[in-house]
Structure formats: structure tokens, C-alpha cells
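# Report on the structure
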Amino acid sequence: MSEPFDPAQLELARKVFAGPITFLKSAPALEHLPDAIVPEVAFAGRSNVGKSSLLNALANRNALARTSNTPGRTQELNFFDVGQPLGFRLVDMPGYGFAKAPKDMVRQWRFLVNDFLRGRDVLKRALVLIDSRHGIKDVDREIMDMLDKAAVSYRLVLTKADKIKATDLTAVTEATQAEARKRPAAHPDIIATSSEGGLGLPELRAAVIEAIG
């Protein structure tokens, strides 16, 4: 499962995420990116993986990131400022794997994400969210391939862990961990989370703080 964080790390992360977190801007193209002045941690995941819900739960806010019943609503890179003075940024990346989106739109999103990953020097880590009910899908492997090629460090995070049995969660965690260990840019440890029940949120907050150094 996830690596242990000591109480001091967990408390520091709790305080940081209990402080100011504000939406900065949406970037539909690279020319709209904010200045690269602080470390960034990006959240990636296929549509309907629970990315917006997890971001909201992580920040203890109900409406920091927009949630929708329509997969693929996040079509831009959304930036959130953390801390005052500014300490780092969270980046909500466009969801992938949306079957109903027009192909040209999917292509545009893919180019945006790929160019962002390759050209963002302040991007310290990506968190790739995997639905624990389904495990890693081919569309997840595609984003992992992009991250490996871009040499961007990433960690796999299981979502909706409260929706499956404990034995099934153990099995999917082990399978996800085995996949991560084959990947050159992947962190070997997995964090299982639940945005509703709070499982893994303290550890995920600590992992974000750890990633920005």
C-alpha cells in the first residue's frame, strides 16, 4: 500500500491544505499558462474517475474543482494557487478516455497535455488517478506512456476505494503496484483514497508536499 508518512509530515500537510487555496485560471492552450514561478503537481485521470471530487476533498472544499455528471467536462488545464504567500500550484488536467467527445477535440486535448508535460519545468509530479473498481485500463497506460517519455515523475492513486470490498482493494492495489514497478517514471508506492470517506487523504496531502520538495 502507500508508504508511511510520520505524524509531523501528515500534520504539516494538513495545515497547508487547510490554508488558502484559490482558483487561478484555466488554460485552453500553452500560451495561456501562468508564469512558471512555483512548483506544480498535476492531477490526471480518465473521465469519471472522481478527479474533481478528490481535489475538493483534498482541499476540504466543496466547490474548488467543478464536478459534473458529464464525463470530460474539464477541457482545459485548471490551475489552483496554494498558500499565502504562494507556495505551489495544483493543476487539474483534462480528463481522458471520453468516448462521446468529438475526435478533433480529443486530439486537441491530447496535444495540450503532451506539450504541457514535456515543456513545464516546474512540474514536479503528476498524480494519475485510477478507479479502484476497474483497475488500470489501456487509456491509463497511454497517459503513463506520455509521462514516461516526458520523464515526468508520477504516482498512481486509486480512487473510490470505499466502493469495493477490502479483499478486492488489496488485489487491485497489488496489481497497480506491479504495473508501477515496470515504469521508469512511476513512484513504486500506491495510495488508495476515498473522497467520500476520507481514506488516504492525509497520505495524499503529504505525498503532494513531499513531491514539491
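Located above this text is the structure these notes cover.
An account of the accompanying structure is given in this report. What you see is a predicted model; the values in this text were computed from it and never measured. (Residues numbered from 1 in each chain as written. Predicted model: local features only at pLDDT ≥ 70, side-chain atom pairs only at ≥ 80, totals over all residues. Heavy atoms only, no water.)

### Observations regarding the overall build of the protein chain
If you tally the helices and strands in the protein chain, you get six helices and seven strands. Listing the helices and strands of the protein chain from first to last along the sequence gives α-β-β-α-β-β-α-β-α-β-α-β-α. Taken over the C-alpha trace, the protein chain has a radius of gyration of 16 Å; the compact-globule value for 213 residues is 17 Å, and the two agree within 12%. Projected onto the principal axes, the alpha-carbon positions of the protein chain cover approximately 45 × 40 × 35 Å. The burial tally for the protein chain puts 53% of its 213 residues in the buried class. Taking contacts inside the protein chain between residues at least 6 apart in sequence as the whole, the part at least 24 apart equals 74%. Taking the average place of the 29 positive charges on the side chains of the protein chain and the average place of its 26 negative ones, the gap between the two points comes to 4 Å. (Helix = DSSP H or I, 4+ residues; strand = E, 2+ residues; numbered from the N terminus. Rg over C-alpha atoms; globule rule 2.2 N^0.38 Å. Buried < 20%, exposed > 50% of the residue type's maximum accessible area, 1.4 Å probe, protein only. Contact = heavy atoms within 4.5 Å. Lys, Arg positive; Asp, Glu negative; His and termini not counted. Charge placed at Lys NZ, Arg CZ, Asp CG, Glu CD.)

### Considerations on the pattern of salt bridges
Counted according to the given criterion, the structure contains 14 salt bridges. Across the salt bridge formed by R125 and E210, the nearest N and O atoms sit 3.9 Å from each other. With a gap of 85 residues between them, R125 in strand 5 (residues 123-131) and E210 in helix 6 (residues 201-212) connect regions that are remote in the sequence. When the shortest N-O distance is used, the salt bridge between K163 and E196 registers 3.4 Å. One end of the pair, K163, is in the loop between strand 6 (154-159) and helix 5 (166-180); the other, E196, is in the loop between strand 7 (191-192) and helix 6, and 33 residues separate them in sequence. When salt bridges with common partners are traced through the structure, they connect D138, R141, D145, D148, E179 and R183 into a single cluster. (Salt bridge = Lys/Arg side-chain N within 4 Å of Asp/Glu carboxyl O.)

### A word on the environment of V157
The topology assignment puts V157 in strand 6. Take V157: its relative accessible area is 0%, and that puts it in the buried class. Considered as a pair, V157 and L64 are 93 residues apart in the sequence and their alpha carbons are 20 Å apart. Other than its neighbours up to four places away in sequence, V157 contacts L54, L127, V128, L129, I130, I191, T193 and L204.

### Thoughts on the layout of surface pockets
Size it by volume and the second largest pocket reaches roughly 270 Å³. As for the second largest pocket, its lining consists of 14 residues, of which Y96, G97, V106, R110 and E142 are closest to the centre. Taken together, the elements giving at least two residues each to the lining of the second largest pocket come down to helix 3 (103-119) and helix 4 (138-150). Looking at side-chain class alone, the lining of the second largest pocket contains ten nonpolar, two polar and two charged residues. (1 Å grid on protein atoms, 1.4 Å probe; cavity = no way out; pocket = protein on both sides within 12 Å on 5 of 7 lines; lining within 4 Å. Points joined across faces, edges and corners; volume = space filled by probe spheres on them. Nonpolar A, V, L, I, M, F, W, Y, C, P; charged D, E, K, R; others polar.)

### Regarding the sheet that holds strand 5
Reading across from one edge, 1-3-4-2-5-6-7 is the order of the seven strands in this open sheet, with mixed pairing throughout. This sheet does not close on itself; its edge strands, each paired only once, are strand 1 (21-27) and strand 7. Helix 6 contacts strand 2 (40-45), strand 4 (88-92), strand 5, strand 6 and strand 7 of the sheet and is inclined by roughly 155° relative to strand 5. (Pairing = 2+ DSSP bridges. Axes fitted to C-alpha atoms, helices over the stretch in contact; angles between N-to-C directions.)

### Looking at the nonpolar core
In terms of nonpolar packing, the biggest core is built from 36 residues, with L77, F116, L117, I143 and Y154 touching the most fellow members. Sort the elements by how many residues they give to this core and helix 4 lands first, with five residues. L77 has contacts with K25, S26, A27, L33, V91, D92, M93, P94, L112 and F116, leaving out every residue within four places of it along the chain. Of all hydrophobic cores here, the second largest spans 30 residues; its members include F17, L64, F80 and A207. (Core = buried A, V, L, I, M, F, W, Y, C linked by side-chain atoms within 4.5 Å.)

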